[in-house]
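Observations on chain architecture
So the chains spell out like this:
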Amino acid sequence: MTYDLGATVRLTTQCRDPGGVAVTADSVTVTVTLPDGTTATPPASEATPVGTYHADYVTTVPGRHTVRWQFTGPTHAYTDVLDVRPNQPTAILSLRDAKEHLNLSLADTREDDEVRFWNAAATTAVEYFVGPVAVRTVTEDHAVGVVEALALRRTPVLEVTAVEPLRDGGASYDPGSLNVDGRAGIATRRDGGLLHGPLRITYRAGRPVIAENISGAARIILQHLWTTQRRARSGGLPGARDDYSVTEPIPGLGYAIPHRAVQLLNPDDQGPGLA
């Protein structure tokens, strides 16, 4: 399950004896390993029913976390994972827009986590074709020598904010001294000079205004992915059964994306995988 940065996560497991019966342990330790390798050990306590243990952990960094439970008396162990979202979500649709498109009650929050999961998956599918949609900061390294231009990898580019050398004594550049073709992602020096690498480039990419064809494609893909999990009730959407049947694969994506969504994205298509 994925949690928001700063949320308190209730970690839960059971201590079981060799016969598989839940029992009270003599001692319990829970260790959370963060993405950077550091660890936290939130206190754990027994709850009901017998042998059930809880520990509350406040998330501090985004990314994949490992959770390790270790019991003694009896000796028992359990390992799990949890994911933490960054504090700047990149989903194209808000949770409200996603639920309204799926005809889900806004007052019923039981499926919100799953809607957010598939909404993020739909965003990734859209950005496969058109590049970043929600505005974000990108930092990337370019292992180049002396070049006339640099091709930034995540387009459209809004602005370059920093150009730093990767080697001691290397050249740095004022972002204001560069010309940037936002759609193509090509950066050159305004004075016509050469860029001396290797360089680390930081820039903002995405679309401050999201066009209807992009948000519409996100809705179609979300509907399709949601329906594949719920064929029996079709996600509550008229025609959803038809949308489930994607009969011709799309190169690189197989049967995951309806062609109608790809057609909507055609005006902004940068070529599959260039995002």
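Everything here concerns the structure above.
To keep things clear, this report deals only with the structure shown in the data block. This is a predicted model, so every value here is computed, not measured. (Residues numbered from 1 in each chain as written. Predicted model: local features only at pLDDT ≥ 70, side-chain atom pairs only at ≥ 80, totals over all residues. Heavy atoms only, no water.)

Side note on the overall build of the chain
Along its length, the chain carries five helices and 16 strands. Taking all 275 residues of the chain together, 37% fall into the buried category. Intrachain contacts of the chain at a sequence separation of at least 6 include 67% that bridge at least 24 residues. Entry remark: accessible area of the chain is about 14,400 Å², with carbon and sulfur atoms responsible for 51%. (Helix = DSSP H or I, 4+ residues; strand = E, 2+ residues; numbered from the N terminus. Buried < 20%, exposed > 50% of the residue type's maximum accessible area, 1.4 Å probe, protein only. Contact = heavy atoms within 4.5 Å. Areas by Shrake-Rupley, 256 points an atom, 1.4 Å probe, with all protein chains shown as cover.)

Regarding the sheet that holds strand E12 (residues 157–165)
The pairing of strands in a sheet happens through backbone hydrogen bonds and is either parallel or antiparallel. Pairing within the open sheet is antiparallel, and its three strands lie in the order E9-E16-E12. Across the chains shown, the open sheet's two edge strands, defined by having one partner strand only, are strand E9 (136–142) and E12. Strand-to-strand twist of the sheet, defined as the mean angle between neighbouring strand axes without regard to direction, takes the value 20°. As defined by bridge partners, E12 adjoins strand E16 (residues 199–205) across seven bridges and the pair is classed as antiparallel. Along E16, the bridge assignment pairs Glu 159 with Arg 204. (Pairing = 2+ DSSP bridges. Axes fitted to C-alpha atoms, helices over the stretch in contact; angles between N-to-C directions.)

Topic: the sheet that holds strand E1 (residues 2–4)
Spatially, the five strands line up as an open sheet ordered E1-E8-E7-E3-E4, and their pairing is mixed. The sheet terminates laterally at E1 and strand E4 (39–40), the two strands that pair on one side only. As paired strands, strand E7 (residues 63–72) and strand E8 (residues 76–85) are joined by nine bridges and run antiparallel to one another. Bridge assignment links Gln 70 to a residue of E8, and that residue is Ala 77.

A look at the side chain of Arg 85
Checked against the element boundaries, Arg 85 lands in strand E8. Separated by 3.4 Å, the side chain of Arg 85 and the backbone oxygen of Thr 2 make a polar contact. When residues no more than four places from it in sequence are discounted, the contact partners of Arg 85 are Thr 2, Tyr 3, Asp 4, Leu 5, Pro 62 and Arg 116. (Polar contact = N/O pair within 3.5 Å; in protein donor to acceptor, adjacent residues only side chain to side chain.)

Remarks on the packing of helix H2 (residues 112–130) against helix H3 (residues 212–228)
Taken N-terminus to C-terminus, the directions of H2 and H3 make an angle of 130°; their axes are 9 Å apart at the nearest point. By the angle class used here, H2 and H3 are oblique. When you trace H2 past H3, the crossing you get is right-handed. Of H3, the residues touching H2 (which contributes Glu 114, Val 115, Trp 118, Asn 119, Ala 121, Ala 122, Ala 125, Val 126 and Val 130) are Ile 214, Ala 217, Ala 218, Ile 221, Leu 222, Leu 225 and Trp 226. Split into classes, the residues belonging to the contact of H2 with H3 amount to 14 nonpolar, one polar and one charged. (Parallel < 35°, antiparallel > 145°, perpendicular 65-115°, else oblique. Left-handed = near helix turned anticlockwise from the far one by under 90°. Nonpolar A, V, L, I, M, F, W, Y, C, P; charged D, E, K, R; others polar.)

Quick word on H2
For H2, spanning 19 residues, the distance from its first C-alpha to its last is 27 Å, which sits close to the expected 27 Å at 1.5 Å a residue. For H2, the complete set of buried residues consists of Asp 112, Val 115, Trp 118, Asn 119, Ala 122, Thr 123, Ala 125, Val 126, Glu 127, Phe 129 and Val 130. Those residues of H2 hidden inside the fold are in contact with helix H1 (95–101), E9, H3 and helix H5 (259–265). Gly 131 occupies a position one or two residues after H2 and carries a positive phi of about 80°. (Expected span 1.5 Å × (residues − 1).)

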